[in-house]
Amino acid sequence: MKSALAFTAATAFFALGVKAAPADSQTCYTVHSSYFAVHLNSLNKGVTLNSNNQVVYGDPGTPIQVEFQSCPTLLGNWPDEDIYVGRILIGSDCLKIDNPSSTTEPYFASVAACSSDITPTAAEKWSYGTSDDRGVVW
């Protein structure tokens, strides 16, 4: 049985394949792409979407192909060290935290239209490469 994905210490993993930023552009651009997985209790779990476009994990599951996009307007991008701040795309939509103003975990995620190609909202903003395992954190 699948359960709603709760982001506590969850991280996503992406294959390496860094792309250069578009010249003189503030538009978010892809730096990594792979399949989304959550690392919980030392185990990697596949992630998929349910019929309501909510992110869920469990076995089995059809992996979600994702892209991590760096957004140059956000502070904290260090391309030489493979550290980025940006958004996660699933198709042309963004991975969003449904309850970003909550002060306690768990946080729930879904996929919906992106708010901007330049500056994502707090619910869409993710960091890549800043955790110990070089994963993605919200």
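In this report, we go over the structure that sits alongside the text. (Residues numbered from 1 in each chain as written. Predicted model: local features only at pLDDT ≥ 70, side-chain atom pairs only at ≥ 80, totals over all residues. Heavy atoms only, no water.)

## Looking at the environment of Tyr35
- Looking at the element boundaries, Tyr35 is found in strand S3 (residues 29-35).
- Counting along the chain gives 29 residues from Tyr35 to Ile64, while the straight-line C-alpha distance between them is 5.5 Å. (Helix = DSSP H or I, 4+ residues; strand = E, 2+ residues; numbered from the N terminus.)

## With respect to the environment of Phe68
- By the element assignment, Phe68 lies in strand S7 (residues 65-70).
- For the pair Phe68 and Ser127, spaced 59 residues apart in sequence, the C-alpha separation works out to 9.1 Å.

## Focus: the pattern of salt bridges
- In the structure shown here, the tally under the stated rule is 2 salt bridges.
- Ionic pairing is found between Asp117 and Arg87, a salt bridge with its closest N-O pair at 3.3 Å. Separated by 30 residues along the polypeptide, Asp117 in the loop between strand S10 (107-112) and strand S11 (126-128) and Arg87 in strand S8 (residues 84-90) bring together distant segments of the chain.
- With a shortest N-O distance of 3.2 Å, Glu124 and Lys96 are connected by a salt bridge. Separated by 28 residues along the polypeptide, Glu124 in the loop between S10 and S11 and Lys96 in strand S9 (residues 93-97) bring together distant segments of the chain.
- Its relative accessible area of 0% is what places Glu124 among the buried residues. (Salt bridge = Lys/Arg side-chain N within 4 Å of Asp/Glu carboxyl O. Buried < 20%, exposed > 50% of the residue type's maximum accessible area, 1.4 Å probe, protein only.)

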